[in-house]
Amino acid sequence: MVNFSCNADGYDSLDPNGNITIKWDIMQANGGTEDVRVSIINYQLFRHIQYPGWKLSWSWRGDEVIWSILGAEATEQGNCSAFRGGQLPHCCEKKPVIIDLLPGATYNKQVANCCKGGVLSSMIQDPGKYVSAFQVNVGSSATKSSGPGIPVNFTLGLPGYTCGQPFEVPPTKFTEDQGRRRTQALATWNVTCSYSQFRASAAPTCCVSFSAFYNDTIIPCQECSCACQAGAKCVKPGDLPPVLQLQHNEPPKPVVQCSNHMCPIRVHWHVKQSYKEYWRVKITVTNLNHVKNYSQWNLVVLHPNLQSVTQVFSFNYKPLNQYGDTNDTGVFYGIQFYNEMLLQAGENGNVQTEMLLHKDPGIFSFREGWAFPKKIYFNGEHCVLPQPQDYPRLPNAAQFYAPAASCTILSLLLLLVTIMS
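Residues numbered from 1 in each chain as written. Predicted model: local features only at pLDDT ≥ 70, side-chain atom pairs only at ≥ 80, totals over all residues. Heavy atoms only, no water.

In the annotation of an unreviewed UniProt entry, the protein chain is listed under the name COBRA-like protein and assigned to Forsythia ovata. UniProt's Sequence similarities (unreviewed entry) comment on the protein chain is quoted here verbatim: "Belongs to the COBRA family." Within the UniProt record for the protein chain, the comment given under Subcellular location (unreviewed entry) is "Cell membrane". (UniProt positions renumbered as here; feature names shortened; annotations may be inferred.)

See below:
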């Protein structure tokens, strides 16, 4: 299997400030209870949260309970036997697990930015949908209490994410009356959660293959990029996948088509054509997973010529400029209602585009693999590239220029004979 040690520490050079922040805003204190607005903000440029979404959890410091909640719900009510008579709390768990309400929830249960089924967009793809929020009324089961405390040990319930402990920040400010009035929370705590692909998966989930118009060889994904076929369960081409018993609200385990690389996703980069001042690339993303559709997928590409993208067909494209004037990275993603959904493995399980780039004087070259990307991410996951020595190469220079050299020598000989005669 390919050696894999990418972003193990949660730092990504293509999104150095990316994180998910949990914001705990105390909006009102009511003598023993507090109204708290909890926000989950995805500050990542290209990583998004897919269905079944986030499952926020924390640990209470004392005997706190959730009396009521809007915009979300706890998965378990827990043991509320300490409360006799009257309405029971919404949740008495020491470690509650909170999930987002589904779209279409009744209006009396909604708050702003709720009810997306736990799905969060990235900041680049849909800036209006990268925040999720709900409101809770928190109290204590003790008869004498100084009020609820700030919980600890937050988790998002998402593979690869690790959260730190809460730290107090200046109170969040809110606008009212079309921005003419500003209010603020009584107090605000933040929790920062970072992502590590190594924690999410011990092996890669994506690989890249190359080809070019000037070479007949197609460079496939590296063997065993994601796993080795020997002994692995996979679906042979032409066969139907087995009947699966899927768990409710749990992402299914990949059922991958048999291949030499065993990756759920394959990206193919084809250098298609060369013009006088431009060159053309075709990108194809193929889903080899039989049990998963990828909604709001995206592709991040690092290539020095992306500073001169002239046109992208069939995909949306936005540059990813994180280091001043350096413009060598971009995000490709689907067009709404056209190809924003990458369907499961099969005849329609692919999306593709072509891209036209200007040949920048001084840096453009087809030599030494320059025409191929330096990095590719799919949905924020680093893809395994072929080894540099395997990249498609230009025709042998000696053979390529041999006819011209022969003609030159023959002309010189004829000229010499003419002079001597």
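There's plenty left to go through after this.
Before going further, it helps to spend a moment on the overall build of the protein chain. A tally of regular secondary structure across the protein chain gives two helices and 26 strands. Across the 421 residues that make up the protein chain, the buried fraction comes to 47%. In the protein chain, 72% of the contacts between residues at least 6 apart in sequence involve partners at least 24 apart. Total accessible area on the protein chain stands at roughly 22200 Å², and carbon and sulfur atoms take up 52% of it. (Helix = DSSP H or I, 4+ residues; strand = E, 2+ residues; numbered from the N terminus. Buried < 20%, exposed > 50% of the residue type's maximum accessible area, 1.4 Å probe, protein only. Contact = heavy atoms within 4.5 Å. Areas by Shrake-Rupley, 256 points an atom, 1.4 Å probe, with all protein chains shown as cover.)

Looking at where H268 falls in the secondary structure, it is placed in strand β16 (residues 265–274). In this structure the side chain of H268 is engaged in a polar contact, spanning 2.6 Å, whose partner is the side chain of S209. (Polar contact = N/O pair within 3.5 Å; in protein donor to acceptor, adjacent residues only side chain to side chain.)

Here we take up the packing of aromatic side chains. For any two aromatic rings, the description comes down to two numbers: the centre-to-centre distance and the angle of the planes. Tallied over the entire structure, the rule returns 23 aromatic pairs. Taking 6.4 Å as the distance between ring centres and 45 degrees as the angle between the ring planes, the aromatic pair formed by W279 and W370 counts as tilted. Note that W279 is positioned in strand β17 (residues 278–287) and W370 in the loop between β24 (350–358) and β25 (375–378), a separation of 91 residues in sequence. Assessed through its relative accessible area of 0%, W279 is described here as buried. Judged by its relative accessible area of 14%, W370 is buried. Ring-pair connections join several aromatic residues into one group, and the members of that group are F213, Y214, W279, F364, F366 and W370. (Phe/Tyr/Trp six-rings, centres within 6.5 Å; stacked < 30°, edge-to-face > 60°.)

Here we take up the sheet that holds strand β14 (residues 206–212). The strands that make up a sheet pair up through hydrogen bonds in the backbone, lying either parallel or antiparallel. Within the open sheet, the six strands sit side by side as β15-β14-β16-β17-β24-β20. Their pairing is mixed. Bordering the open sheet on either side are β15 (215–219) and β20 (309–313), each of which pairs with just one other strand. Neighbouring strand axes in the sheet, compared pairwise and without regard to direction, differ in orientation by 15 degrees on average. (Pairing = 2+ DSSP bridges. Axes fitted to C-alpha atoms, helices over the stretch in contact; angles between N-to-C directions.)

Evaluated as defined, the whole model comprises eight disulfides. The residue that forms a disulfide with C226 is C263, at a sulfur-sulfur distance of 1.9 Å. Since a negative S-S torsion denotes a left-handed disulfide, the C226-C263 link at about 95 degrees is right-handed. Here C263 lies in the loop between β15 and β16 and C226 lies in the loop between β15 and β16, a separation of 37 residues in the sequence. In this structure, C226 and C263 share a single accessibility class: buried. Between the sulfur of C234 and that of C258 lies a disulfide, 2.0 Å long from S to S. Judged by the sign of its S-S torsion, about 95 degrees, the cystine formed by C234 and C258 is right-handed. With C234 in the loop between β15 and β16 and C258 in the loop between β15 and β16, the pair connects residues that are 24 residues apart, well separated along the chain. Just so you know, C91 is unpaired, no disulfide at all, and the nearest cysteine sulfur is the one on C92, 6.6 Å from it. (Disulfide = S-S within 2.5 Å.)

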